[in-house]
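Each chain, written out:
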Amino acid sequence: MKRDIRRTMMFLNAQKASLVKDPYVYGADCVILDLEDAVSASEKDSARIHLYHTLKSRDYGDTEVWVRVNDVYSDLFVEDVRAAVAGGADGIRIPMTETRDHVIKTEAEIEKAEKDFGREVGSTMIMAALESPLGVLNAYEIASASKRMMGIALSAGDFRRTMHAQTTATGEELFTARGMIAMAARAAGIMCFDTVYTDLDNIEGLRRETELIKNLGYDGKSVVNPRQIEIIHDVFTPSEKDIREAEHIVLAVEESKKKGIGVMVVDGKMVDIAHVEGARRNLKLAKVAGKYKGDLA
Amino acid sequence: MKNSLNREIPDELLKDGIEVFQGAYARENYEYKKDAPTVKANVASGDSKLVDSIKAAIEQAGLKDGMTISFHHHLRNGDYVCAKVMDVIHEMGIKDLFVCASSLGKAHANMVPMIEDGTVTGISTSGVRDEIGEALSMGKLKHPAWIRTHGGRVRAIETGQVHIDVAFIAASSSDVLGNASGKNGRHDCGVLSYADVDAKYADKVVVITDTINPVPNFPAPIQAVDVDYVVKIDQIGDPAKIASGALRLTKDVRELKMAENCAKVVANTPWFKEGFSFQTGAGGASLAVTQFLKPYMDERDIRMGWGMGGITEPMVQMFREGYIDKLINDQAFDIPSVESVYNDSNHFEISCSQYANPMNKGAFVNYLDYVILGALEVDTDFNVNVVQGSDGMIQGAPGGHPDTAAGAKCTIIVAPLIRSRLSTVRRQVTSVTTPGETVDVVVTDYGVAVNPARKDILEALEQTDLPLISIEELADIAESITGTPAPLEFEDKVVALIEYRDGTIIDVIKKPILK
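About the cut-offs
Residues numbered from 1 in each chain as written. Chains lettered and ligands numbered in written order. Predicted model: local features only at pLDDT ≥ 70, side-chain atom pairs only at ≥ 80, totals over all residues. Heavy atoms only, no water. UniProt positions renumbered as here; feature names shortened; annotations may be inferred. Helix = DSSP H or I, 4+ residues; strand = E, 2+ residues; numbered from the N terminus. Rg over C-alpha atoms; globule rule 2.2 N^0.38 Å. Buried < 20%, exposed > 50% of the residue type's maximum accessible area, 1.4 Å probe, protein only. Contact = heavy atoms within 4.5 Å. Lys, Arg positive; Asp, Glu negative; His and termini not counted. Charge placed at Lys NZ, Arg CZ, Asp CG, Glu CD. Pairing = 2+ DSSP bridges. Axes fitted to C-alpha atoms, helices over the stretch in contact; angles between N-to-C directions. Patch = residues over 30% accessible without salt bridge, like charges linked within 9 Å, V, L, I, M, F, W, Y side chains within 5 Å. Areas by Shrake-Rupley, 256 points an atom, 1.4 Å probe, with all protein chains shown as cover. Salt bridge = Lys/Arg side-chain N within 4 Å of Asp/Glu carboxyl O. 1 Å grid on protein atoms, 1.4 Å probe; cavity = no way out; pocket = protein on both sides within 12 Å on 5 of 7 lines; lining within 4 Å. Points joined across faces, edges and corners; volume = space filled by probe spheres on them. Nonpolar A, V, L, I, M, F, W, Y, C, P; charged D, E, K, R; others polar. Expected span 1.5 Å × (residues − 1). Parallel < 35°, antiparallel > 145°, perpendicular 65-115°, else oblique. Left-handed = near helix turned anticlockwise from the far one by under 90°. Buried area = accessible area lost by both parts, 1.4 Å probe. Polar contact = N/O pair within 3.5 Å; in protein donor to acceptor, adjacent residues only side chain to side chain. Phe/Tyr/Trp six-rings, centres within 6.5 Å; stacked < 30°, edge-to-face > 60°. Lys NZ or Arg CZ within 6 Å of the ring centre and 35° of its normal.

Labelled according to an unreviewed UniProt entry, chain B appears under the name Citrate lyase alpha chain, originating from Peptoniphilus equinus. One UniProt comment on chain B, placed under Subcellular location (unreviewed entry), says "Cytoplasm".

Where an unreviewed UniProt entry is consulted, chain A appears under the name Aldolase/citrate lyase family protein, with the organism given as Peptoniphilus equinus. Among the UniProt annotations of chain A, the heading Cofactor (unreviewed entry) holds the following wording: "Mg(2+)".

Here you go:
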């Protein structure tokens, strides 16, 4: 099932039956069944077969299901894509995306598979992970390479390595990449996602980092442990005050549209049509968090 | 014949007044005269009751073939006493004994060869695990074993269904007169709740300890007036296994989520108010429930009147933080709870009869508002199995499960829908330990099911954002993942009777055919 709010994307080793049988119970918006780094080289085929059967037999409800395939230029890639498409995954996540060619090649394989397995052509989305300076510098052309592009994501482990950067608690080494990726995504009209937070016991650190990326304009964050989901969702959930304000803005703007007025005062603040998008997004976030029951979202 | 849960109970087992289960509360107002021990009076003054060895105590107590002996399980997996006594009995060549234990586990594996050679021919216990569970499941015991609840054991003894000839009571400390306790010793287990009925109803009572204190060794739950002999041995048990260190709270997100939802059930039902009473188990999710209750209690500005049960550190912590007025302890699960029952006023030791006996004038379980319990299996009629594994082997214990479930106003089961490849919620449990009429809510990682008979609870929970789901839907989901298991096959031989707390037979366990 496709969704328009994607706060969390939880990685799961596609090979592990105990993990993939029911990951939706944790409440992540998306899960990413991983055929790449989590699976050892000798187990790639069995993981792919397992992935296919999981996708065919399990119902993940309204949790979106992604598959991280192996490198586009590896000999595993084509079969990975075919298994994911045949199984009915919502989308493919490309690792180490550096140029638009990665996306084009992926799109071509997806389209072939969609035809082969009787899936609607164009129904499988693509997300690209940017993990190197070249990938980040090409962020916009990657983001705009295909209509299937749903989002781009920063993957910080390899990015730090290829940048010769150090890991800092405040994320200084990622600042440029985060900014560029967010800007490229918005320019291309797609979503952007932040990297995983690996210090699992550091709840406060995760909260701070999630606040940071939310302020930068990110839509969500990758997750490696279900413990992190609630915290990230909490950061992305608007406060009661924000929800009320958003409701007032949407109502006022709709009302004023009818009257042909462009600018108005809502709750003592100047508001124009440009505020509506943010207000609606807030209501959507509130709705998925169960904090808003109305129909303006 | 079939009992009221439609479970077939072979007629040949229904003798000596044993009846089939007729409903959880069918024996309300049942009248009976209590059994009594034969007492050998100690008229002359001044004699110490100390005897030199376990063997001497057995000889002086006059233990013979065919008699009934008893043990308690407060030393848990660290218990050396039961194994030592059984070894001596075995050496002495006494046969055909009925062992009435409050529970048996890992520490009692030496009983297996004695089951095989006829030293032990009958067993009554709550817990049966590991090697003994296997031996019983395979039908090695001459007579079917009695699986009893904690309250049911007291009832069986008080009604005279079981008459103990010699009780062996392991104690952390005693004086030479037999004033014995779970405290003040080298290896403290905290309380001796389960041994209370043994001391009061057995003909001969032997206290076995490694710590002799000056007279009087008070406070003493086991009193000298009930004790015939005292034996001092080197060590009653392995301290690391008698009481574990503080149990670490789970980090498992599924368990935490279930615990959180369980706390939400508690907080949104009518009994969650100032002075409420509460019991929870020691399993991961049940243990975690307590931490999630605190914010609700803060929000409502209420306190728990009393917390009961197997006491664990999280309960002790809440008690010390002022969230709980009184703790009532029939079993201390870890070192912090042993220390607390030792040091804290308002933390009280009670007997197992006070705790859970259905046939006294009102056990504490009857006054519980909430109990949180686990389950191996739950069926779509809300019947619970905590005794028999889905492979047919006996591997659990009713403990106080059926007692508290029947007593509490709101009984909540917390269990994952699937364990490994086995579904917890299924169409029919392998055997029934706790009848569905006493089970109100089942909290799983896939949603919360309310017993349709409890319209009051359902109504209350419909006002919340809890993920309510029917028990049938839970069974459907479980089956969609695990498939429908092939039915187990059993021989006709009954290896154990599962007795309901009131003495009726709720189910039987037959010998599984292993493939």
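Picking up after the structure, the text goes on.
Enquirer: Please clarify how the overall build of chain A should be interpreted in this entry.
Expert: Helix and strand counts for chain A come out as 12 helices and 10 strands. For 297 residues, the compact-globule estimate of 2.2 N^0.38 gives 19 Å, and the C-alpha radius of gyration of chain A, at 20 Å, lies within 12% of that figure. Along the first, second and third principal axes, the C-alpha set of chain A runs to 65 × 45 × 35 Å. For chain A, with 297 residues in total, the buried portion stands at 52%. Restricting the contact set of chain A to residue pairs at least 6 apart, pairs at least 24 apart contribute 68%. Here chain A contributes 41 positively and 48 negatively charged side chains, and the mean placements of these two sets differ by 3 Å.

Enquirer: Honestly, the sheet that holds strand β23 (residues 447–450) of chain B in this entry has me stumped. Any pointers?
Expert: Two strands in a sheet stick together by hydrogen bonds in their backbones, pointing the same way (parallel) or opposite ways (antiparallel). All names here are of chain B. Pairing in this open sheet of eight strands is mixed, and the strands run β14-β13-β12-β11-β15-β18-β22-β23 from one edge to the other. Every other strand in the sheet has two partners, leaving β14 (347–349) and β23 as the edge strands with one partner each. Direction aside, neighbouring strands of the sheet carry axes that sit 20° apart on average. Where strand β12 (residues 304–311) lies against strand β13 (residues 324–332), seven bridges are found, and the strand directions are parallel. Bridge pairing in β13 places Met-304 opposite Ile-324. Running at roughly 150° to strand β22 (residues 441–444), helix α8 (residues 253–267) makes contact with β15 (370–373), β18 (410–414), β22 and β23 of the sheet. Helix α11 (residues 335–343) rests against β12, β13 and β14 of the sheet, and its axis sits at about 95° to β14.

Enquirer: Looking at this structure, I do not really get the side chain of Asn138(A). What am I missing?
Expert: Residue placement: Asn138(A) occurs in the loop between α5 (133–137) and α6 (139–143). Excluding anything up to four places from it in sequence, Asn138(A) contacts Glu98(A) and Thr99(A).

Enquirer: I'm lost on a nonpolar patch on the surface in this one. Help?
Expert: All names here are of chain A. On the surface, Val-263, Val-265 and Met-270 cluster together into a nonpolar patch covering about 310 Å² of accessible area. Residue placement: Val-263 occurs in strand β9 (residues 263–266). For Val-263, a relative accessible area of 45% puts it in the partly exposed group.

Enquirer: What is the right way to look at the UniProt feature "domain: HpcH/HpaI aldolase/citrate lyase" (unreviewed entry) in chain A in this model?
Expert: The UniProt record annotates "domain: HpcH/HpaI aldolase/citrate lyase" (unreviewed entry) at residues 7–226 of chain A. For residues 7–226 of chain A, helix accounts for 42% and strand for 18%, while the C-alpha atoms at its two ends are 13 Å apart.

Enquirer: What exactly am I supposed to notice about empty space enclosed by the protein here?
Expert: A water-sized probe, rolled over the atoms, reveals where empty space remains. Residues and elements named next belong to chain B. The full count for this structure, using the stated rule, is two cavities of 30 Å³ or more. Taken as a whole, the largest cavity spans an internal volume of roughly 50 Å³. No other element matches helix α5 (residues 150–158), which puts three residues into the lining of the largest cavity. The space that makes up the second largest cavity amounts to roughly 40 Å³. If you go around the second largest cavity, the residues you meet are Phe-71, His-72, Asp-79, Val-81, Cys-82, Phe-168 and Ala-170. Taken together, the elements giving at least two residues each to the lining of the second largest cavity come down to α2 (81–92) and β6 (166–171). Of the residues in the lining of the second largest cavity, the class split is five nonpolar, one polar and one charged.

Enquirer: Could you clarify how one ought to interpret helix α4 (residues 100–116) of chain A in this entry?
Expert: Counting along an α-helix, one turn takes 3.6 residues, and residues three or four places apart therefore face a common direction. All names here are of chain A. With 17 residues, α4 extends 24 Å from end C-alpha to end C-alpha; this agrees with the ideal 24 Å at 1.5 Å per step. Of the positions making up α4, those classed as buried are His-102, Val-103, Thr-106, Glu-107, Glu-109, Ile-110, Ala-113 and Glu-114. Buried positions along α4 lie against α3 (77–87), β4 (91–94), β5 (125–130), α6 and β6 (149–154).

Enquirer: Can you walk me through the packing of helix α9 (residues 203–216) of chain A against helix α10 (residues 227–236) of chain A in this structure?
Expert: Residues and elements named next belong to chain A. Following both chains from N to C, one finds α9 and α10 inclined at 40°, their axes separated by 9 Å at the closest point. Relative to α10, the element α9 is oriented oblique. When you trace α9 past α10, the crossing you get is right-handed. Together, Ile-203, Leu-206, Arg-207, Thr-210, Glu-211, Ile-213 and Lys-214 of α9 and Gln-228, Ile-231, Ile-232, Asp-234, Val-235 and Phe-236 of α10 make up the contact between the two elements. Residue composition of the contact of α9 with α10, grouped by class: seven nonpolar, two polar and four charged.

Enquirer: Got a minute to help me understand the sheet that holds β4(A) in this structure?
Expert: Residue and element names in this part refer to chain A. Here eight strands make up a closed barrel; going around it, the order is β1-β2-β3-β4-β5-β6-β7-β8 and the pairing parallel. Each strand axis lies, on average, 25° off the axis of its neighbour in the sheet, ignoring direction. Where strand β7 (residues 191–194) meets strand β8 (residues 220–223), two bridges bridge the pair, whose relative direction is parallel. If you follow Asp-194 over to β8, its bridge partner there is Lys-221. Its contacts with the sheet place helix α8 (residues 175–188) against β5, β6 and β7, and it is angled at close to 160° to β7. Here α9 sits on the sheet in contact with β7 and β8, set at roughly 145° to β8.

Enquirer: Would you explain the interface of chain A and chain B in this entry?
Expert: How big an interface is tends to be expressed through the accessible area that disappears when the partners come together. Counting residues at the interface gives 11 residues for chain A and 11 residues for chain B. For the pairing of chain A and chain B, the buried interface totals around 990 Å² over both sides, and the portion due to carbon and sulfur atoms is 48%. The interface formed by chain A and chain B holds two salt bridges in total. Between Arg254(B) and Asp22(A) there is a salt bridge, with the nearest N and O atoms lying 2.7 Å from each other. At the boundary of chain A with chain B, the tally comes to six residue pairs in polar contact (both at pLDDT 80 or more). Looking at the side of chain A that touches chain B residue by residue, the class counts come to four nonpolar, one polar and six charged.

Enquirer: Explanation requested: a negative patch on the surface in the structure shown.
Expert: Residues Glu274(B), Asp298(B), Glu299(B) and Asp301(B) make up a contiguous surface patch of negative charge. For Glu299(B), a relative accessible area of 65% gives the class exposed.

Enquirer: How should I be thinking about the pattern of salt bridges in this particular structure?
Expert: All names here are of chain B. Under the counting rule described, the total for this entry stands at 54 salt bridges over all chains. Between Lys-294 and Glu-321 there is a salt bridge, with its nearest N and O atoms 2.7 Å apart. Residue Lys-294 is located in helix α9 (residues 284–300), and its partner Glu-321 is located in the loop between α10 (313–320) and β13; the two are separated by 27 residues in the primary sequence. For Lys-294, a relative accessible area of 18% translates into the label buried. By relative accessible area, Glu-321 is classed as partly exposed at 41%.

Enquirer: Just to check I follow, could you spell out the packing of aromatic side chains for this structure?
Expert: Residues and elements named next belong to chain B. Taken as a whole and assessed by the stated rule, the structure comprises 10 aromatic pairs over all chains. Between Phe-272 and Phe-276 the ring centres are 5.1 Å apart and the planes differ by 55°, which places this aromatic pair in the tilted class. Just as Phe-272 is buried, Phe-276 falls in that class too. Arranged with centres 6.4 Å apart and planes meeting at 80°, the rings of Phe-276 and Phe-278 form a pair that is edge-to-face. Side by side, Phe-276 and Phe-278 carry an identical accessibility label, which is buried. The residue whose ring lies beneath Arg-27 is Tyr-30, and the NZ or CZ to ring-centre distance is 5.1 Å.

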